[in-house]
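# Structural overview
What follows is the residue order along each chain.
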Amino acid sequence: MKLKKFNGLGQLTIPVIAIALLVIFNLIRDPGFFSIGIMHNNDGNVVLAGNLISIINGASELAVLAMGMTLVTAACGGQDISVGAAAAIAGSVFVKVLKSGNSISGGTVLLAFLLACIVAMIFGSFNGTLVAVFKIQPMIATLILYTCGRSIAYWINGGATPTVNSPIINAIGSFIPGVPIPTPVLIVVCMAIIFKLLFKFTSLELFTQSVGINGSAARLNGINATFIKLLSFIILGVCVAVAGSIGVSRLGLINHETLLIDIEMDTILAVAIGGNSLGGGKFKISGSIIGAYVIQMLTITLYAMKVSSTDVKAYKAIVIILLVVIGSPVVKKWFNKVIDRMKNKSVAAQKGV
Amino acid sequence: MKRLSMLLATVLVLSLVLCACGSSASKGSGSGSSDNAAAPAKSSSELIKVGVVNNPPSESGYREANVKDMEAVFSKDNGYDLKTAYSLKNDEQLQAAQGFITEGVDYLLISAAETTGWDEVLKKAQEAGIKVYLFDRMIDVDESLYEAAVVSDMAKEGETAVNWLLDQNLSEYKVIHIQGAMGSDAQIGRTGALDAQFASGKMTKVVQQTATWDEAEAKKIVESVINSGEDFNVIYAENDGMAKGAVAALDEAGITHGVDGKVVVMGFDCNKWALRELLSGAWNYDGQCSPFQAGVISDLIKNNKTPASKKIINEEKGFDAKTLTQSDIDTYGLGE
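Remember, predicted model here, so these are calculated numbers, not experimental data.

### Re the overall build of chain B
Secondary structure summary: chain B contains eleven helices and twelve strands in total. Put simply, 73% of the contacts in chain B that link residues at least 6 apart link residues at least 24 apart.

### Comments concerning the domain arrangement of chain B
Considered domain by domain, chain B is made up of domain 1 (41–152 + 292–305) and domain 2 (154–289 + 318–332). A straight line from the C-alpha centre of domain 1 of chain B to that of domain 2 of chain B covers 34 Å.

### What to know about the interface of chain A and chain B
Across the boundary between the two partners, chain A contributes 31 residues, which contact 32 residues of chain B. Residue composition of the side of chain A that touches chain B, by class: twelve nonpolar, 17 polar and two charged.

### Section: the packing of helix 3 (residues 60–76) of chain A against helix 12 (residues 263–273) of chain A
All names here are of chain A. The contact between helix 3 and helix 12 brings their axes to 8 Å, and the two run at 65°. Once helix 3 is placed against helix 12, the crossing between them reads as right-handed. Here Glu61, Leu62, Leu65, Ala66, Met69, Thr70 and Thr73 of helix 3 lie close against helix 12, whose contacting residues are Ile263, Asp266, Thr267, Ile268, Ala270 and Val271. For the contact of helix 3 with helix 12, the class distribution of residues is eight nonpolar, three polar and two charged.

### Some points on unusual backbone geometry
Residues and elements named next belong to chain B. For Asp136, which is not a glycine, the phi torsion comes out positive at approximately 65°. Mapping Asp136 onto the fold places it in strand 4 (residues 131–136). Given 22 C-beta atoms within 10 Å, Asp136 falls into the buried group. The residue Thr212 is not glycine, and still its phi comes out positive at about 40°.

### Let's talk about the nonpolar core
One finds A:Ala90, A:Ala120, A:Val240 and B:Ala246 to be the most contacted residues of the largest nonpolar core, which totals 151 residues. In terms of residue count, helix 11 (residues 225–251) of chain A provides more of this core than any other element does, 17 residues in total. With sequence-adjacent residues up to four places away left out, A:Ala90 is seen in contact with A:Ala116, A:Val119, A:Ala120, A:Val240, A:Ala241, A:Gly244 and A:Ser245. Within the second largest apolar cluster, 39 residues are counted, among which are B:Ala85, B:Ala96, B:Tyr107 and B:Leu108.

### Quick look at the pairing of strand 2 (residues 80–86) of chain B
Residue and element names in this part refer to chain B. Counting buried positions over the seven residues of strand 2 gives seven, a clear majority of the element. Here strand 2 shows a buried face lined by Tyr80, Leu82, Thr84 and Tyr86 and a second buried face lined by Asp81, Lys83 and Ala85. Two strands pair when backbone bridges link them, and strand 1 (residues 48–54) and strand 2 are joined in this way by seven bridges, in the parallel orientation. Residue pairing in the sheet places Gly51 in a bridge with Lys83 of strand 2. Remark: the strand 1/helix 2 (residues 61–73)/strand 2 crossover connection has right-handed handedness.

### Points about helix 4 (residues 83–100) of chain A
Taking 1.5 Å of rise per residue, 18 residues should cover 26 Å, and helix 4 of chain A covers 25 Å from first to last C-alpha, within 8% of that figure. Summarising burial for helix 4 of chain A: 14 of the 18 residues are buried, a large majority.

### Focus: the sheet that holds strand 12 (residues 318–320) of chain B
All names here are of chain B. Taken in spatial order, the six strands of this open sheet run 7-6-8-9-10-12, and their pairing is mixed. If you trace the sheet from one side to the other, it starts and ends with strand 7 (204–210) and strand 12, each paired once. When the angles between neighbouring strand axes are averaged without regard to direction, this sheet yields 15°. Note: strand 6 (residues 174–179) against strand 8 (residues 234–237), four bridges, orientation parallel. Directly across from Ile176, in strand 8, lies its bridge partner Ile235.

### Considering the sheet that holds strand 5 (residues 148–151) of chain B
All names here are of chain B. With parallel pairing, six strands are arranged side by side in an open sheet as 2-1-3-4-5-11. Strand pairing shows two members of the sheet lacking a second neighbour, strand 2 and strand 11 (311–313), which therefore form its edges. Each strand axis lies, on average, 20° off the axis of its neighbour in the sheet, ignoring direction.

### Regarding the pairing of strand 1 (residues 37–40) of chain A
Residue and element names in this part refer to chain A. With four bridges joining them, strand 1 and strand 2 (residues 46–49) adopt antiparallel strand pairing. Of the residues in strand 2, the one forming a bridge with Ile38 is Leu48. Counting the residues between successive antiparallel strands, the hairpin from strand 1 to strand 2 contains five residues, one of them, Gly44, with a positive phi of roughly 85°.

### Some remarks on the packing of helix 5 (residues 106–132) of chain A against helix 6 (residues 138–157) of chain A
Each pair of packed helices can be summarised by the angle the axes make with each other and by the distance between the axes. Residue and element names in this part refer to chain A. One way to put it is that helix 5 packs onto helix 6 with a least axis distance of 9 Å and a crossing angle of 145°. Handedness of the crossing formed by helix 5 with helix 6: right-handed. Of the residues in helix 6, those touching helix 5 at Phe123, Asn127, Leu130 and Val131 are Pro138, Ala141, Thr142 and Leu145. When the residues that make up the contact of helix 5 with helix 6 are grouped by side-chain class, the tally is six nonpolar, two polar and no charged.

What counts and how
Residues numbered from 1 in each chain as written. Chains lettered and ligands numbered in written order. Predicted model: local features only at pLDDT ≥ 70, side-chain atom pairs only at ≥ 80, totals over all residues. Helix = DSSP H or I, 4+ residues; strand = E, 2+ residues; numbered from the N terminus. Contact = placed C-beta atoms within 7 Å. Domains from an automatic or database assignment. Nonpolar A, V, L, I, M, F, W, Y, C, P; charged D, E, K, R; others polar. Axes fitted to C-alpha atoms, helices over the stretch in contact; angles between N-to-C directions. Left-handed = near helix turned anticlockwise from the far one by under 90°. Buried ≥ 20, exposed ≤ 12 C-beta atoms within 10 Å, placed from the backbone. Core = buried A, V, L, I, M, F, W, Y, C linked by C-beta atoms within 7 Å. Pairing = 2+ DSSP bridges. Right-handed = clockwise from strand over helix to strand, strands pointing away. Expected span 1.5 Å × (residues − 1).

Spelled out as C-alpha cells, the structure:
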C-alpha cells in the first residue's frame, strides 16, 4: 500500500488501528484464536468455523445497520435511535407473512422480506419527515419510535414469540447447503456492493455530504436538502428490514423484546469508531463497517477470555472510551503536533550534519 | 392579519386537543377496566365481583398466559364478574385498585409492579371488607392485610432442574450456564441451585455468562466456547429462547444434542414451541414457571378456605423429554 503521508488512511486510521490492536492482542493471548476450522454441521453440510467466522458472522446485523446509519448521520447530523425497535417491527412483519401461508416457499420468503422492507421504509419516512420537514432533532424524533416500536412489534406478533421452521429460513440465517460461508456474511457483502454502486452511479454521496456540511448552501445550489434527509432515513429503513430479517432467520424465532436489543447504541458507536463525524458531513461507509467488526471482535474477545458476565459491559466501555478519545479532534491535533515536532527535529538534525 | 388568524387557529386546535385529553383523563382510571367488564352485570347480585390489578399482557409470554388464565377462570360461567386493570406503573395500579374499592368489588387480586406503596390502599380495602389476594408477586406489607399470596418460587425451579440433572447420572457434568438479565428474580432463583453444585465440585463450570434473555447473545456465548475447543456436555439456559440460541450454535458446529445426543439441553418457561423441541427429542428438560394462579385463588374463594400459610407456593413441574406427552404441551405450554 502506498502511504502518501503519515495519515495515509485518513479517516480510516482509527478503525484500522483499533482492529489491528485487537488482532495483535488476541494473537498474543492465544495464537490459535483466529484459526479457521472446517467441519460438518448437523445438517451434514461442510461449513467454516472459528472465532474469526463468529466475529464476521455475528456482526452482520450491526454492519448492515451501520451502513444506513452512516448515511443518516452524514445528512442530518444526528442519529436514529429507533433502529432496534424498527428492526423488531420489520422482523415481526417478516414472520407474520411467513406464518400466514401453509407452507414456506422461496416466493413467500421474498414476499415477506419485501413487505418487511415496505413497513420499515414507512417507519423510516415517518422519522425522516419529523427530522427533514419539521426540523426536529433526530434523536428526539426517533425517540418516539424507540419508545413504542417494540409494543407495535408485540401487536403484530399477537403477544407470543412465534417460531418458524423452514429450511429456507435456516439457509438465510445460517448456511446455504454447499456454501461454507455463513449467509449473513454474504448478505453484508451484497449490501456493501449495493451502496458502492449507488454512490458510483448517483450523486447521492456528494449530495448527502453537502447537505450535512451546510444545508442552506446546498439548497442555494439547487439540492433539495429535505428530500436528501428523508431519503437517508428511507434507505436506513431498508437496512433495518435486512437486519431484522437476518436476526429472525438466525433462530427462526421472533422475540419482540430481545431482537437486536440495544443495537442502536452499538450502531452509533460503529459509525463513530469508523471515524465519521457524528455532526454530519463527510463520511465513509467502509469505516462504519470496520467499526461494526471492531465492536463484535471486542465482545467475542471478552467472551473468549471468560470475563465474568457482570463485568463485560464495563470492559467494553473502557476500550470504547479509549477509542473515541484517541479519535477525537483534540487528541488527533496533539498527535499531529508531536509528529511534526519530531519531523522538524530530524530535519534539523540532518541539516546539522 | 394573516399571522393573527394563524395564531387564533393554533390556539383553537390546542385547546380542543387539551379538552380531549382532559376528558379522557378524567375517565382515565376507569377506562382500562371498562373493556373487560364489558357486559355490565345486571343480575350481578349472585355473581362474585372480582377486581384484578395486573401487569399488561404485553409484558411477556408469561403475563399473556397469566391474563388469559385469569379471564378463563373468573368467567361469568364460573359465577364471577371480572374487572381488570393493566399497568406497568405502580401509581396507575394503585389508582386502579382504589377505583375497584370505590366500585365495591368483593375480592381484589393484585400482581404489583413494585413491592412498596401499597399499605394505605390495602388498609382501605380491609375497612371496606374486601378480601385481597396477591398473585405472582409479593408486596412489602403486613401479612394481616391480605388473605393469601400465590407465588412462584424461582429458587425451587432451579432446584427441581438441578435435581433432575443429577438424576441423569452423567459420568461428568461440564456445564455451560447461560444466565438471564442479572438481578432479575428468575435469574437469581435459577442460578442459585446450580451455583451450589459448582461450589461443591460436583459439576464443573465451563462458562457462566449472561445473555440478558437475548437468544442471539446466547448463541454467541456457546459459539465462543466451541471455538475455544473446550469440552462440555450440559447447557443450562435460564429461559427457552436462550436455550434455542445455544442449540443453534451446536447445530452449526455439528454437535449432537438432546435425547441420545452428546449435550444435554435444559431450558425454562415451558413455551409450547420449546416443549415441542422436547417432544422431538432435540432438548432434554424444560422447567415450568407457572402463570396459572387463578385456579388456586378461585378454589380459596369458592370454598371459603383459609390457607395454613399465607404464602402459597404455586406447584411447578419440570418436564423430561422422555416422559413428555402431547397433552402436557396442550395443558402447560405457553403461547402457541
